[in-house]
Amino acid sequence: GAVVSQHPSWVICKSGTSVKIECRSLDFQATTMFWYRQFPKQSLMLMATSNEGSKATYEQGVEKDKFLINHASLTLSTLTVTSAHPEDSSFYICSARDMRGNQPQHFGDGTRLSIL
Amino acid sequence: GIQVEQSPPDLILQEGANSTLRCNFSDSVNNLQWFHQNPWGQLINLFYIPSGTKQNGRLSATTVATERYSLLYISSSQTTDSGVYFCAARSSNTGKLIFGQGTTLQVKP
């Protein structure tokens, strides 16, 4: 079945550091990938839609300069949390959809980010 | 944008009981998925069900797109069914998959 690989699984770093998270679709091409954030005891909130070869579109309230998204190929999207602070600590999950036909969205295993 | 509402927010069952989780959505959809999130945060895809009925073992799901709701049935519940269940709907208009707030299920032995 379709697989989305996300790395790293967890990151602990100091405040002010920038952190990059990778999301790859392993056996299908994804012109569009999605980034979600989940705080403890809450649901997944869509942060942004990553479009291959063009700028990402961000949901209302999500700072595009804080969360840099690059979708350089049909199988790779990256999310960089710039100058991370403790309030950026969260669980980040990427998702991708095979654009051939009407397909389900597949999710990575998530990245748990802790900023000290 | 599309609103996705799940009920009930919390559910406590005795092992062996049956349950129904509901998902209402506010817009026409071309995708409806049910997930179980395990304690490590992984989303386990249960059903991709934009319409109709599907069954997988003790679980089944029904989506009535014209009435904008989906149901997840769990029969003969087991303690291992405990966890958070999410539905997510993709709006036909925006293409975004939006999650409900989840139902936290606890199955007691």
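Predicted, not measured: the structure shown is a model, and the values here were computed from it. Starting from 1, residues in each chain are numbered consecutively following that chain's sequence as written. All chains are assigned letters beginning at A, and all ligands numbers beginning at 1, according to the order in which they are written. At least 70 in pLDDT is required for a residue's local features to be given in this predicted model, at least 80 for side-chain atom pairs to be given and counted, and no such filter applies to totals for whole chains, interfaces and linings, which use all residues. Hydrogens and water molecules were not included; the side-chain quantities draw on all heavy atoms of the structure.

A. How the structure looks around the nonpolar core. Among the nonpolar cores identified, the biggest contains 24 residues, and Trp35(A), Phe67(A), Leu79(A), Tyr92(A) and Leu113(A) are the most heavily contacted of them. Residues Ile2(B), Leu72(B), Tyr85(B) and Leu105(B) belong to the second largest nonpolar core, which totals 22 residues. Joining through side-chain atoms within 4.5 Å is the link that ties buried Ala, Val, Leu, Ile, Met, Phe, Trp, Tyr and Cys residues into a set, and such a set is a nonpolar core. Relative accessibility decides the category of a residue: with a 1.4 Å probe and only protein chains considered, values under 20% of the type maximum give buried, values over 50% give exposed, and everything between is partly exposed.

B. Just the sheet that holds strand E1 (residues 4-7) of chain A, in detail. Residue and element names in this part refer to chain A. Reading across the sheet, the four strands line up as E1-E3-E8-E7 and stay open at both edges, with antiparallel pairing between neighbours. Whereas interior strands pair on both sides, the edge strands pair on one side only; in this sheet they are E1 and strand E7 (67-73). Geometrically, the sheet is characterised by an average inter-axis angle of 15 degrees between neighbouring strands, direction not taken into account. When DSSP finds two or more bridges between a pair of strands, those strands are recorded as paired. What counts as a helix is a DSSP run of H or I of at least four residues, what counts as a strand is a run of E of at least two, and both are numbered from the N terminus. Looking at chain direction, E1 and strand E3 (residues 19-25) are connected through four bridges and run antiparallel. Directly across from His7, in E3, lies its bridge partner Glu22. Only the stretch in contact is used when fitting a helix axis, every axis being a line fitted to C-alpha atoms; angles between N-to-C directions are given from 0 to 180 degrees.

C. Summary view of the interface of chain B and chain A. Throughout, a residue-residue contact means that at least one pair of heavy atoms, one from each residue, lies within 4.5 Å. Taken together, the 19 residues of chain B in the interface contact 18 residues of chain A. Note on definitions: buried area is the accessible-area loss of two parts on being combined, 1.4 Å probe, summed for both. Of the roughly 1500 Å² buried where chain B meets chain A, counting both sides, 50% is carbon and sulfur surface. When residues of chain B are sorted by the area they lose upon contact with chain A, Arg90(B), Lys96(B) and Phe99(B) head the list and together hold 29% of the total. Between Glu59(A) and Lys96(B) there is a salt bridge, with its nearest N and O atoms 2.7 Å apart. Identification of polar contacts relies on pairs of N or O atoms within 3.5 Å, with a donor-acceptor requirement for protein atoms, meaning one able to donate a hydrogen and the other able to accept it, and with residues adjacent in sequence counted only if both atoms are side-chain atoms. Where chain B meets chain A, there are eight residue pairs in polar contact (both at pLDDT 80 or more). Taken together, the elements giving at least two residues each to the side of chain B that touches chain A come down to strand E4 (29-37), strand E5 (43-48), strand E9 (83-91) and strand E10 (97-99) of chain B. Of the residues in the side of chain B that touches chain A, the class split is eight nonpolar, nine polar and two charged. Put simply, a salt bridge is a Lys or Arg side-chain nitrogen that is within 4 Å of an Asp or Glu carboxyl oxygen. Residues are sorted three ways: Asp, Glu, Lys and Arg are charged, Ala, Val, Leu, Ile, Met, Phe, Trp, Tyr, Cys and Pro are nonpolar, and all the rest, Gly among them, are polar.

D. Main features of the side chain of Thr103(B). All names here are of chain B. By the element assignment, Thr103 lies in strand E11 (residues 103-108). At 2.6 Å, the side chain of Thr103 forms a polar contact with the backbone oxygen of Pro8. When neighbours within four sequence positions are excluded, Thr103 is seen to be in contact with Gln6, Ser7, Pro8, Pro9, Leu11, Leu21, Gly83, Val84 and Tyr85.

E. Structural view of the sheet that holds strand E7 (residues 59-64) of chain B. Residue and element names in this part refer to chain B. Spatially, five strands are ordered E1-E3-E8-E7-E6 in an open sheet, and the strand pairing comes out antiparallel. Single-partner strands in this sheet number two, and they are strand E1 (4-7) and strand E6 (52-56). The mean inter-strand angle of the sheet, taken between neighbouring strand axes irrespective of direction, is 15 degrees. Both E7 and strand E8 (residues 69-74) contribute to a ladder of six bridges, which runs antiparallel. Following the sheet pairing, Thr63 is matched in E8 by Ser70.

F. Geometry of the packing of aromatic side chains. Any two of the Phe, Tyr and Trp rings considered here, Trp counted by its six-membered ring, make a pair once their centres fall within 6.5 Å; the pair's planes then place it as stacked at under 30 degrees, edge-to-face at over 60, or tilted in between. Tallied over the full model, the rule gives seven aromatic pairs over all chains. Taking the centre distance of 6.0 Å and the plane angle of 80 degrees together, the rings of Phe86(B) and Phe99(B) count as edge-to-face. Pair noted here: Phe86(B) is in strand E9 and Phe99(B) is in strand E10, with a separation of 13 residues, a long-range link. Taking NZ or CZ as reference, Arg112(A) lies 4.2 Å from the ring centre of Phe91(A), over its face. The rule for a charge over a ring is simple: NZ of Lys or CZ of Arg within 6 Å of the ring centre, and within 35 degrees of the ring normal.

G. Structural detail: the environment of Thr104(B). Turning to its location among the elements, Thr104(B) is positioned in strand E11. Leaving out residues up to four positions away in the same chain, Thr104(B) has contacts with Pro9(B), Asp10(B), Leu11(B), Gly83(B) and Val84(B).

H. Representation of the state of the cysteines in the model. Two cysteine sulfurs form a disulfide in these notes if their separation is within 2.5 Å. Counting across every chain of the model gives two disulfides over all chains. Each disulfide pairs two cysteine sulfurs, and for Cys23(A) the partner residue is Cys94(A), the sulfurs being separated by 2.0 Å. Handedness here is read from the sign of the S-S torsion; for Cys23(A) and Cys94(A), about 80 degrees, the answer is right-handed. One end of the pair, Cys23(A), is in strand E3; the other, Cys94(A), is in strand E9 (residues 90-97), and 71 residues separate them in sequence. Under the relative-accessibility criterion, Cys94(A) is labelled buried at 0%. The disulfide partner of Cys23(B) is Cys87(B), and the gap between their sulfur atoms is 2.0 Å. Taking the sign of the torsion about the S-S bond as the criterion, the disulfide between Cys23(B) and Cys87(B), at about 70 degrees, is right-handed. Placement of Cys23(B) in strand E3 (residues 19-25) and of Cys87(B) in strand E9 is noted, with a sequence separation of 64 residues between them. For the unlinked cysteine Cys13(A), the closest cysteine sulfur is that of Cys94(A), found at 18 Å.

So yeah, pure geometry; function would need other evidence.
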